[in-house]
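The lines below spell out each chain.
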Amino acid sequence: MGLIGMNQLTEEEKYEHFMKRIEAGEKIEADDWMPEEYRMALIKLISMHGISEIMGALPEKEWVPRAPSLRRKLGIMAKVQDEMGHGQLLLRVAEDLIKPLGKTREDLIQDLFSGRLKFHNVFHMPAPSWGDAGLIGWLVDGAAIITQTNMLNASYGPYARALKRICAEEVFHAQHGEAIIMALAEGSEQQREMLQDAINRWWESLLMFFGPDKAERTGSSKQDITIKYKIRTKTNEELRQDFFNKYIPRIKSLGLTVPDETMYYDEEQEKWIYQQPDWNKLKQIMKNQGPKSEERLKLRMTAYETNAWVREALGVKSKAM
Amino acid sequence: MSNQSHDFYQEFEVFSRKSDTAPMQYQFSLLAPNHEIALVMAQENFMRRESVADIWVVKRSDIRKMTQEERETLKRLDNKDYRMTKGYGYLKKKWRKFEQKMLDEKEILSWGGGGKQ
Ligand SMILES: [Fe+2]
Ligand SMILES: [Fe+2]
């Protein structure tokens, strides 16, 4: 920009300058000029990502008191704590983006309670067995790692920096999940069945995790905007295919199957051909009408309300000063 | 409820040092109602595994950050060879002619005698 101040530019010139910056690989910072569409797309993406980390800890934390050994209990506790930490990082990034709109963390929490702020489809699902606990770490975190690493170079600096920290910890999450499923896969017939059941139960949710390949399937999709602004590079379908490439051979190598007998790899098209999930289920979940939506939201609400006095007590000193 | 008011939480920037001789490194920001809680949160949020020797929390409002325009003036042209060792790399060949080694960064910084500091 040199000697010309930003405020001397027209809106179009600002936009042009902004696009040049992100095309050159520069990072946009919280107080920089940015198009409204960019800010809104980031708020939507990052607040959902952040709140999903927190809601995502809920199905797993159910397994903390029931973990089969002390070491497994320590492992899953550490993992759940990491997810809460990811939530803290990401909400912080979202808060700086909503600040100019006069909003705060409190608004994000209230939006979650009122259903305006969504959380990821996988965290609306039940986790009835220890197999689910392992599967979440292995495949749900695996899917999350695929989408998160795709944004490590996001044009928005604070998000890229948060993701760098998060992905480093996700490596532990992936291995934690692998350790659990490996023990089950090499275990008794009953344990292998438990693992296969978990895969069958989660398969559809895992397909939906990446979002629809085209907007028609659910009525909306933000993938074009996030690609245009270099927040991510790959489409939903490309990410899903990456997931298949990484995990289908691993599932098969353990003698396990996915509940889609027609699925195969098409050498010519270089992609997996598979049955679409029932996208109506995703639409239901987006309205917080999934199997566990209400229960988990209620849990979050109760925790928020009954712990209000703790937050208040922690702040006492600052008020006295 | 008082903790729902807009000024309950403040923004803090977190810095930490891995070891006593490492530089202070920026970590991330967090929300806390005061410095004491900010310090506890910093440890919980950012230092769950890696070793750490010291942590600083600074209220964001006490930091004068650069604006976008100011940052854009920092861009350098790639014409500073004369200030950098890479502008003098040709000496390596010259000294070889005189059967001597060039005193490069690695060599000079080893003169303290202690190896790794
Ligand atoms: Fe996470
Ligand atoms: Fe994770």
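Residues numbered from 1 in each chain as written. Chains lettered and ligands numbered in written order. Predicted model: local features only at pLDDT ≥ 70, side-chain atom pairs only at ≥ 80, totals over all residues. Heavy atoms only, no water.

(A) Expanded view of the overall build of chain A. From N to C terminus, chain A includes 13 helices and two strands. Taking 321 residues into account, the globule formula puts the C-alpha radius of gyration at 20 Å, and chain A, at 21 Å, falls close to it. Projecting the C-alpha coordinates of chain A onto the three principal axes gives extents of approximately 70 × 65 × 35 Å. Buried residues in chain A amount to 52% of all 321 residues. Of the contacts made within chain A by residues no fewer than 6 positions apart, 75% connect residues no fewer than 24 positions apart. Carbon and sulfur atoms make up 55% of the accessible area of chain A, which amounts to about 15,400 Å² in all. (Helix = DSSP H or I, 4+ residues; strand = E, 2+ residues; numbered from the N terminus. Rg over C-alpha atoms; globule rule 2.2 N^0.38 Å. Buried < 20%, exposed > 50% of the residue type's maximum accessible area, 1.4 Å probe, protein only. Contact = heavy atoms within 4.5 Å. Areas by Shrake-Rupley, 256 points an atom, 1.4 Å probe, with all protein chains shown as cover.)

(B) Local environment of the environment of Gln223 of chain A. Residue and element names in this part refer to chain A. Among the secondary structure elements, Gln223 is positioned in helix 8 (residues 223-228). In sequence terms Gln223 and Gly211 are twelve residues apart; their C-alpha atoms lie 8.9 Å from each other. Excluding its chain neighbours within four sequence positions, the residues that come into contact with Gln223 are Pro212, Asp213, Arg232, Thr235 and Asn236.

(C) Structural context of helix 5 (residues 130-149) of chain A. Residues and elements named next belong to chain A. With 20 residues, helix 5 ought to run about 28 Å at 1.5 Å a step, and its terminal C-alpha atoms sit 27 Å apart, in line with that. Within helix 5, the axis deviates most sharply at Ile136, by approximately 40°. For helix 5, a buried count of 19 out of 20 residues is recorded, marking the element as mostly surrounded by other parts of the structure. Where helix 5 begins, one side-chain oxygen reaches toward the backbone nitrogen of Gly131, 3.0 Å away; that side chain belongs to Ser129. (Expected span 1.5 Å × (residues − 1). Bend = angle between axes of the 7 residues up to and from the residue. Polar contact = N/O pair within 3.5 Å; in protein donor to acceptor, adjacent residues only side chain to side chain.)

(D) Layout of the domain arrangement of chain A. Residue and element names in this part refer to chain A. For chain A, the domain assignment lists domain 1 (1-33) and domain 2 (35-211 + 220-313). Its C-alpha centre places domain 1 at a distance of 34 Å from the equivalent point of domain 2. Each partner contributes to the interface: domain 1 provides eleven residues, whereas domain 2 provides 15 residues. Summing both sides of the interface, domain 1 and domain 2 together bury roughly 1,000 Å²; the carbon and sulfur share of this comes to 60%. Interface area lost by domain 1 to domain 2 is led by Ile22, Lys27 and Ala30, which between them contribute 42%. Counting across the interface, domain 1 meets domain 2 through one salt bridge. Arg161 is the partner of Glu29 in a salt bridge, and the nearest nitrogen-oxygen pair spans 2.9 Å. Its residues assigned to classes, the side of domain 1 that touches domain 2 shows seven nonpolar, no polar and four charged. (Domains from an automatic or database assignment. Buried area = accessible area lost by both parts, 1.4 Å probe. Salt bridge = Lys/Arg side-chain N within 4 Å of Asp/Glu carboxyl O. Nonpolar A, V, L, I, M, F, W, Y, C, P; charged D, E, K, R; others polar.)

(E) Fine view of the coordination of the iron ion (ligand 1). All names here are of chain A. In this structure, Glu53 (OE), Glu83 (OE), His86 (ND1) and Glu170 (OE) serve as the protein donors to the iron ion (ligand 1), at separations of 2.1 to 2.5 Å. Classification of the site at the iron ion (ligand 1) as irregular follows from its four donor atoms and the range of 79 to 163° in their angles at the metal. Of note, the iron ion (ligand 1) draws all its donor residues from one chain, in the sequence arrangement E-x29-E-x2-H-x83-E. For the pair the iron ion (ligand 1) and the iron ion (ligand 2), the metal-to-metal distance amounts to 3.2 Å, and Glu83 bridges them. Taken as a pair, His86 in helix 3 (residues 70-98) and Glu170 in helix 6 (residues 157-185) lie far apart in primary sequence, 84 residues in all. Per residue, the accessibility class of His86 equals that of Glu170, and both read buried. (Donors = N, O, S within 2.8 Å, 3.2 Å for Na, K, Ca; no water. Tetrahedral: all angles 85-135°; square planar, octahedral: opposite > 155°, others 65-115°.)

(F) Structural context of the pairing of strand 2 (residues 25-32) of chain B. Residues and elements named next belong to chain B. For strand 2, a buried count of six out of eight residues is recorded, marking the element as mostly surrounded by other parts of the structure. With seven bridges connecting them, strand 1 (residues 10-17) and strand 2 associate as antiparallel partners. Of the residues in strand 2, the one forming a bridge with Val14 is Phe28. (Pairing = 2+ DSSP bridges.)

(G) Looking closely at the sheet that holds strand 2 of chain B. All names here are of chain B. What the three strands build is an open sheet, ordered 2-1-3; its pairing is antiparallel. Two strands lie at the open edges of the sheet, namely strand 2 and strand 3 (54-59), each paired on one side alone. If you compare each strand with its neighbour and ignore which way they point, the axes differ by 30° on average. Across six bridges, the pairing between strand 1 and strand 3 is antiparallel. Across the sheet, residue Glu13 finds its bridge partner in strand 3, namely Val58. (Axes fitted to C-alpha atoms, helices over the stretch in contact; angles between N-to-C directions.)

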